[in-house]
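Report on the structure
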Amino acid sequence: MMERFLPEKEEGYVVAVVGATGAVGKTMLEILEERKFPISKVIPIASSRSAGSTVSFNGKDVVVQDLATFEPEGVDIALFSAGGGTSKEHAPRFAEAGCYVVDNSSAWRMDEDIALVVPEVNPETLEMARYNRIIANPNCSTIQMVVALKPLHDVVPIERVNVSTYQAVSGAGGMAIEELAKQTGALLNGRSAEVEVFPARIAFNVIPQIDVFMDDGYTKEERKMMDETVKIMGADIAVTATTVRVPVFYGHSEAVNITFAGDMDADRARDLLADAEGVCVVDDPATEDYAMPSEAAGSDPVWVSRIRNDNSFRNSLHLWVVADNVRKGAALNAVQIAEILIR
């Protein structure tokens with residue numbers, strides 16, 4: 001059994017949420033409240049632009065602190081969702097003050113000394129955090145995929161994964177949500193759609209690019225999924241990805257093709273996934289029952305559907321994987337990590 005990271009405190013823990021006024025930060029606060037995380041004091045923190053405003057927690061308005069001037073001494077756990085540059089600058093400052101930092105940016109994910117954690121998949125790697133006190137939250141699209149892969153990989157090792165994603169605009173932040181809404185309204189009313197956030201119009205369209213292109217033709221988002229999956233799974237799995245932005249507000253979807261080292265069929269996979277932590281199987285072709293982002297939005301599980309044999313290649317399966325990218329893909333995963341720290 002893993003030893004405690006933090007001593008038990010009857011009065012609860014001091015928890016800071018950095019980036020508390022953003023979509024993920026607000027959801028972190030909601031989930032801490034929903035799951036009754038033992039808190040003696042919550043400290044919402046943001047940039048100077050938002051400092052002095054308030055957020056709601058447990059029915060009370062709490063004043064947002066300025067990250068630049070905040071002193072982290074006395075904070076037990078800090079949940080960061082404020083961008084990579086901010087994390088690189090301030091996460092070490094919190095860690096040096098004795099605080100455990102769970103960071104939602106890409107700043108630390110591929111650092112070999114930093115644990116990259118999905119609680120249902122590799123909680124044991126949290127041991128690394130005893131030495132540096134920084135823990136990385138994976139990319140939202142990676143999280144939902146590895147939650148579905150792990151129970152299968154534990155039974156028959158996975159050799160290769162080929163994934164195509166259909167990612168909601170909320171993954172690009174509040175301005176992206178606003179752009180989809182504005183463009184949709186404009187086009188429905190016969191006006192032209194202004195493009196500011198995405199590289200092309202997103203309303204009534206599909207964009208096969210998320211983040212910048214790299215020298216090998218993959219985008220940075222695709223490279224994140226490929227590299228993070230191997231690190232989290234702790235196995236030599238060949239991973240290739242195509243990430244696509246679709247005109248959906250919340251909820252990422254993924255078509256995942258998996259090749260195993262041995263026999264694995266759809267029926268066995270369905271049974272394994274039905275029993276897996278954090279997974280909900282919805283898969284009945286007879287009644288056209290399957291997961292969709294419109295239904296997954298606002299929920300905690302990773303939903304798996306369309307489980308079927310790939311008849312074109314040996315020992316291969318198809319899965320359709322859906323999850324709320326802001327909840328499980330970011331905020332919930334971070335809070336689950338914090339729950340392990342106090343167990």
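Residues numbered from 1 in each chain as written. Predicted model: local features only at pLDDT ≥ 70, side-chain atom pairs only at ≥ 80, totals over all residues. Heavy atoms only, no water.

1. Side note on the side chain of Arg245
Applied cut-off: Runs of E in the DSSP output that reach at least two residues are strands. Runs of H or I that reach at least four are helices, and both are numbered from the N terminus. Partly exposed residues are those whose accessible area sits between 20% and 50% of the maximum for their type, while under 20% is buried and over 50% is exposed, using a 1.4 Å probe and protein chains only. Only four residue types enter the tally: Lys and Arg on the positive side, Asp and Glu on the negative side, with His and both chain ends excluded. Salt bridge, as used here: a side-chain nitrogen of Lys or Arg that lies within 4 Å of a carboxyl oxygen of Asp or Glu. In protein, a polar contact means a hydrogen-donor-capable atom and an acceptor-capable atom, both N or O and within 3.5 Å, with residues adjacent in sequence counting only if both atoms are side-chain atoms; elsewhere, any N or O pair within 3.5 Å suffices. Between two residues, a contact is recorded if the distance between any of their heavy atoms is within 4.5 Å.
Along the polypeptide, Arg245 turns up in strand 11 (residues 238-245). No salt bridge is formed by the buried Arg245, whose closest oppositely charged neighbour, Glu221, lies at an N-O distance of 6.1 Å. Of the polar contacts made by the side chain of Arg245, one reaches the backbone oxygen of Ala168; its length is 2.7 Å. With residues up to four places along the chain from it excluded, the contact list for Arg245 reads Gln167, Ala168, Val169, Gly171, Ala172, Phe198, Ile202, Asn205, Val206, Ile207, Ile210 and His252.

2. A closer look at the pattern of salt bridges
Summed over the entire model, instances satisfying the criterion amount to 16 salt bridges. For Asp154, the salt bridge identified is with Lys150, shortest N-O distance 2.9 Å. Residue classification places Asp154 among the exposed residues on the basis of a relative accessible area of 52%. A residue is classified by how much of its surface remains accessible, and Lys150, at 17% relative accessible area, is buried.

3. Topic: helix 9 (residues 327-342)
Let me state the cut-off plainly: To get the bend at any residue, fit one axis to the seven residues that end at it and another to the seven that begin at it, then take the angle between the two axes.
Largest kink in helix 9: about 35°, centred on Asn333. The buried fraction of helix 9 is high, at 16 of 16 residues.

4. Some points on the nonpolar core
The following threshold applies: Take the buried Ala, Val, Leu, Ile, Met, Phe, Trp, Tyr and Cys residues and link them wherever side-chain atoms come within 4.5 Å; each set so joined is a nonpolar core.
Ranked by size, the top nonpolar core spans 57 residues in total, and within it Phe94, Val161, Val256, Val304 and Leu319 carry the most contacts. In terms of residue count, helix 4 (residues 140-153) provides more of this core than any other element does, seven residues in total. Residue contacts for Val304: discarding those within four places in its chain leaves Ala148, Leu273, Val279, Cys280, Val281, Val282, Asp283, Leu319, Trp320 and Val321. Counting 39 residues, the second largest nonpolar core, distinct from the first, contains Val17, Val42, Val64 and Ala338.

5. Focus: the sheet that holds strand 17 (residues 316-323)
Put simply, the test is: In this description, strands pair whenever DSSP reports at least two bridges between them. A fitted line through C-alpha atoms serves as each axis, taken over the contacting stretch for helices, and the angle formed by two N-to-C directions is quoted from 0 to 180°.
In spatial order, the strands read 11-10-12-17-16-13; together these six strands make up an open sheet with mixed pairing. Each having just a single partner strand, strand 11 and strand 13 (279-281) make up the two edges of the open sheet. Neighbour-to-neighbour, the strand axes of the sheet open up by a mean angle of 25°, direction not taken into account. As paired strands, strand 10 (residues 158-167) and strand 11 are joined by eight bridges and run parallel to one another. Bridge pairing in strand 11 places Tyr166 opposite Val244. Its contacts with the sheet place helix 6 (residues 220-233) against strand 10, strand 11 and strand 12 (252-260), and it is angled at close to 145° to strand 11.

6. Focus on the environment of Ala276
Summarising the element assignment, Ala276 is placed in the loop between helix 7 (266-274) and strand 13. Separated by 128 residues in sequence, Ala276 and Ala148 place their C-alpha atoms 8.3 Å apart.

7. A closer look at the packing of helix 4 against helix 9
Put simply, the rule is: Orientation labels follow simple angle bins: below 35 degrees gives roughly parallel, above 145 gives roughly antiparallel, 65 to 115 gives roughly perpendicular, and whatever is left gives oblique. Side-chain classes are defined by residue name, with Ala, Val, Leu, Ile, Met, Phe, Trp, Tyr, Cys and Pro counting as nonpolar, Asp, Glu, Lys and Arg as charged, and the others, Gly among them, as polar.
Where helix 4 meets helix 9, the closest approach of the two axes is 8 Å, and the angle between their N-to-C directions is 85°. Overall, the two elements helix 4 and helix 9 adopt an arrangement that is roughly perpendicular. In contact with Cys140, Ile143 and Val147 of helix 4, helix 9 contributes Lys328, Gly329 and Asn333. Across the contact of helix 4 with helix 9, the residue classes break down as three nonpolar, two polar and one charged.

8. Some words on the packing of aromatic side chains
As a reminder of what qualifies: Any Phe, Tyr or Trp ring, taking Trp's six-membered ring, that has another such ring centre within 6.5 Å forms a pair; planes under 30 degrees apart are called stacked, those over 60 apart edge-to-face, and the others tilted.
Scanning the model with the defined rule gives four aromatic pairs in all. Pairing Phe5 with Tyr100 gives two aromatic rings, centres 5.8 Å apart and planes at 85°, and the pair type is edge-to-face. With Phe5 in the segment before strand 1 (13-18) and Tyr100 in strand 7 (residues 100-103), the pair connects residues that are 95 residues apart, well separated along the chain. For Phe5, a relative accessible area of 8% puts it in the buried group. Its relative accessible area of 2% is what places Tyr100 among the buried residues. Put simply, the rings of Phe70, Phe80 and Phe94 pair up and form one aromatic cluster.

9. Some details on the sheet that holds strand 1
Read across the open sheet, the seven strands follow the order 5-2-1-6-7-9-8; overall the sheet is parallel. Since the sheet does not close on itself, it has two edges, and those belong to strand 5 (65-66) and strand 8 (115-116), each with one partner. Alignment of strand 2 (residues 39-46) against strand 5, held across two bridges, turns out to be parallel. Bridging across to strand 5, Ile45 finds its partner in Gln65. Across the sheet, helix 1 (residues 23-34) touches strand 1, strand 2 and strand 6 (77-80), and the angle it forms with strand 1 is around 155°.

10. Some thoughts on the environment of Ser53
By secondary structure assignment, the location of Ser53 is in the loop between strand 2 and strand 3 (54-57). Ser53 sits in the partly exposed class, given a relative accessible area of 29%. Residues Ser53 and Thr21, 32 residues apart in the sequence, show an inter-C-alpha distance of 8.8 Å. In contact with Ser53, not counting residues within four places along its chain, are Thr21, Val62, Val63 and Val64.

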